[in-house]
2 protein chains.
Amino acid sequence: MALTVYDLAGARDDCRFSPYCWRVRLALAHKGLAAEFLPWRFTEKERLAFSGQGRVPVLVDGETVVSDSWAIMAYLDEAYPERPLFDTAQARAGALFLKFWTETVLQPALAPLVLNDVYGAIHEVDREYFRASREKAFGCRLEDLPGDAAARIAEVGRVLAPLRRALRTQPFLGGEAPSGADFLPYGAFQWAAVVSGTTFLAPDDPIAAWRQRVADWYGDALLIR
Amino acid sequence: MALTVYDLAGARDDCRFSPYCWRVRLALAHKGLAAEFLPWRFTEKERLAFSGQGRVPVLVDGETVVSDSWAIMAYLDEAYPERPLFDTAQARAGALFLKFWTETVLQPALAPLVLNDVYGAIHEVDREYFRASREKAFGCRLEDLPGDAAARIAEVGRVLAPLRRALRTQPFLGGEAPSGADFLPYGAFQWAAVVSGTTFLAPDDPIAAWRQRVADWYGDALLIR
């Protein structure tokens with residue numbers, strides 16, 4: 001049965017920058033499941049009408065439609081229990097804090113560094129929508145996001161302290177091998193890396209080494225095709 | 001075999017306020033293991049010489065001596081595998097981020113609110129040591145810690161966002177039942193609660209309800225005897 005994922009794309013079809021869609025790409029790679037990743041733009045709400053909501057990722061597996069990256073990860077572990085993302089309900093529950101930390105602390109810290117690069121990378125049909133929604137969320141024009149580059153990088157470095165400590169102690173958040181926990185912050189870093197040339201990790205940062213370990217672990221399975 | 005824990009105490013023997021010792025108390029309660037908790041003061045380094053270091057908690061189990069709360073939790077799961085704190089290696093590895101978040105984000109945010117109350121609660125033999133070590137760590141006198149009460153409470157409220165979101169979604173960090181993950185931030189809240197009357201959680205905060213659920217779950221097993 002072919003799996004299909006609706007996947008946020010920029011102006012170029014191969015620019016896939018959503019941190020939430022990256023979670024699903026990593027989850028499928030982890031399980032060794034092939035899928036077709038359809039490029040989708042923010043304003044193509046009608047293409048998702050079948051899912052009952054308007055955001056990606058959306059996974060279509062035969063008759064089953066699942067939206068929301070966390071729900072998709074749970075669905076995949078239920079429908080395809082081999083190579084689990086989380087090996088017990090407790091391990092999965094324990095990652096929920098990391099999910100919310102990624103969404104309420106890490107991604108907001110990265111946002112001032114990368115939002116203008118996202119704006120530059122998205123399809124022109126999405127620009128008006130993107131600018132209006134992000135400027136409403138941040139309460140200022142994209143050009144007036146707080147801080148200069150150095151201050152923004154320092155803030156990211158500050159909030160990364162607990163992640164750095166964890167990845168100095170063990171190779172992956174999942175321990176000796178990556179688990180679904182790793183995919184949560186990894187998705188956020190991909191969001192930044194895909195659209196932005198900004199470097200905010202020192203080469204000797206344990207987080208940089210971990211990003212390389214994850215990329216090496218999954219290899220070609222993460223390629224945008 | 002009787003278990004013994006060297007447990008940080010204040011001027012009163014029944015004032016047990018170390019967030020790290022609370023992790024061990026909770027872990028033993030979780031496993032239904034009885035232990036003797038010996039009151040210990042900061043300056044009684046020689047009483048811990050047998051452990052090869054100078055901090056509590058220290059667990060003594062027959063011939064085995066384990067220091068460091070995280071190592072003690074791992075030891076307990078190995079030596080007493082029933083009612084595991086973490087049900088798999090992956091679940092345990094996944095909690096390491098939460099451990100470091102508790103130590104590098106939550107506890108530092110709570111510190112300006114509670115350090116003077118700790119100072120008021122500790123034994124007089126510890127006062128000079130405590131003041132000197134904390135004033136060195138914070139770079140100011142205990143009386144000059146940053147912020148007024150309102151600003152400190154607001155800062156705690158801000159850093160608690162991801163914990164609040166997780167505990168609004170599920171009853172415990174371990175899911176439907178507490179796991180070792182719950183004990184990490186719970187220890188930090190006990191540190192504050194035992195010495196300080198400061199209220200920093202609104203009554204309807206999901207974190208307040210979770211604290212009550214944890215207390216109810218273990219009941220008398222958490223009593224200081």
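For clarity, every value in this text was computed on a predicted model and none was experimentally measured.

Caption draft 1: Quick look at helix H9 (residues 206–218) of chain B. Residues and elements named next belong to chain B. Helix length check: H9 (13 residues) gives 19 Å between terminal C-alpha atoms against 18 Å at 1.5 Å per residue, within 8%. Among all positions in H9, only Pro206, Ile207, Trp210, Val214 and Tyr218 are buried. Buried positions in H9, seen along its axis, are confined to an arc of 95 degrees and lie on one side of it. Where H9 is buried, its residues contact helix H1 (19–31), helix H7 (161–169) and helix H8 (180–195). A positive phi of about 55 degrees marks Gly219, the residue just after H9.

Caption draft 2: Here's a closer look at the environment of Arg131 of chain A. All names here are of chain A. In this fold, Arg131 is placed in helix H5 (residues 127–138). Considered as a pair, Arg131 and Leu142 are 11 residues apart in the sequence and their alpha carbons are 7.1 Å apart. In contact with Arg131, other than residues within four places in its own chain, are Tyr119, Arg141, Leu142 and Glu143. There is a polar contact of 3.4 Å between the side chain of Arg131 and the side chain of Tyr119.

Caption draft 3: Representation of the packing of aromatic side chains within the structure. The final tally for this structure, using the stated rule, is 25 aromatic pairs over all chains. An aromatic cluster is present here, built from Phe17, Phe42, Tyr119, Tyr129 and Phe130 of chain A joined pairwise through their rings. Lying across the ring of Tyr119 of chain B, Arg127 of chain B places its NZ or CZ 5.4 Å from the centre. Positioned over the ring face of Tyr186 of chain B is Arg211 of chain B, at 5.8 Å from the centre of the ring.

Caption draft 4: Region of the structure containing the environment of Gln107 of chain B. All names here are of chain B. As for its position among the elements, Gln107 is in helix H4 (residues 96–121). For Gln107, a relative accessible area of 7% corresponds to the buried category. Expressed as a C-alpha distance, the spacing of Gln107 and Arg127, which sit 20 residues apart in the sequence, is 20 Å. Contacts of Gln107, omitting those with residues within four sequence positions, involve Pro19, Tyr20, Arg23, Thr102, Ala188 and Trp191.

Caption draft 5: Representation of the interface of chain B and chain A within the structure. Contacts between the two partners involve 28 residues from chain B, matched on the other side by 28 residues from chain A. Each partner contributes to the roughly 2,300 Å² buried at the junction of chain B and chain A, and carbon and sulfur atoms together form 67% of this total. Looking at the side of chain B facing chain A, the largest losses of area belong to Gln90, Phe97 and Phe100 of chain B, adding up to 31% of the total buried there. On inspection of chain B and its partner chain A, the count reaches zero salt bridges. Along the contact surface separating chain B from chain A lie eight residue pairs in polar contact (both at pLDDT 80 or more). Elements supplying a minimum of two residues to the side of chain B that touches chain A: helix H3 (89–94), H4 and H7 of chain B. In terms of residue count, the dominant contributor to the side of chain B that touches chain A is H4 of chain B (eight residues). When grouped by side-chain class, the residues that make up the side of chain B that touches chain A number 15 nonpolar, nine polar and four charged.

Rules behind the numbers
Residues numbered from 1 in each chain as written. Chains lettered and ligands numbered in written order. Predicted model: local features only at pLDDT ≥ 70, side-chain atom pairs only at ≥ 80, totals over all residues. Heavy atoms only, no water. Helix = DSSP H or I, 4+ residues; strand = E, 2+ residues; numbered from the N terminus. Expected span 1.5 Å × (residues − 1). Buried < 20%, exposed > 50% of the residue type's maximum accessible area, 1.4 Å probe, protein only. Arc of directions from axis to C-beta. Contact = heavy atoms within 4.5 Å. Polar contact = N/O pair within 3.5 Å; in protein donor to acceptor, adjacent residues only side chain to side chain. Phe/Tyr/Trp six-rings, centres within 6.5 Å; stacked < 30°, edge-to-face > 60°. Lys NZ or Arg CZ within 6 Å of the ring centre and 35° of its normal. Buried area = accessible area lost by both parts, 1.4 Å probe. Salt bridge = Lys/Arg side-chain N within 4 Å of Asp/Glu carboxyl O. Nonpolar A, V, L, I, M, F, W, Y, C, P; charged D, E, K, R; others polar.

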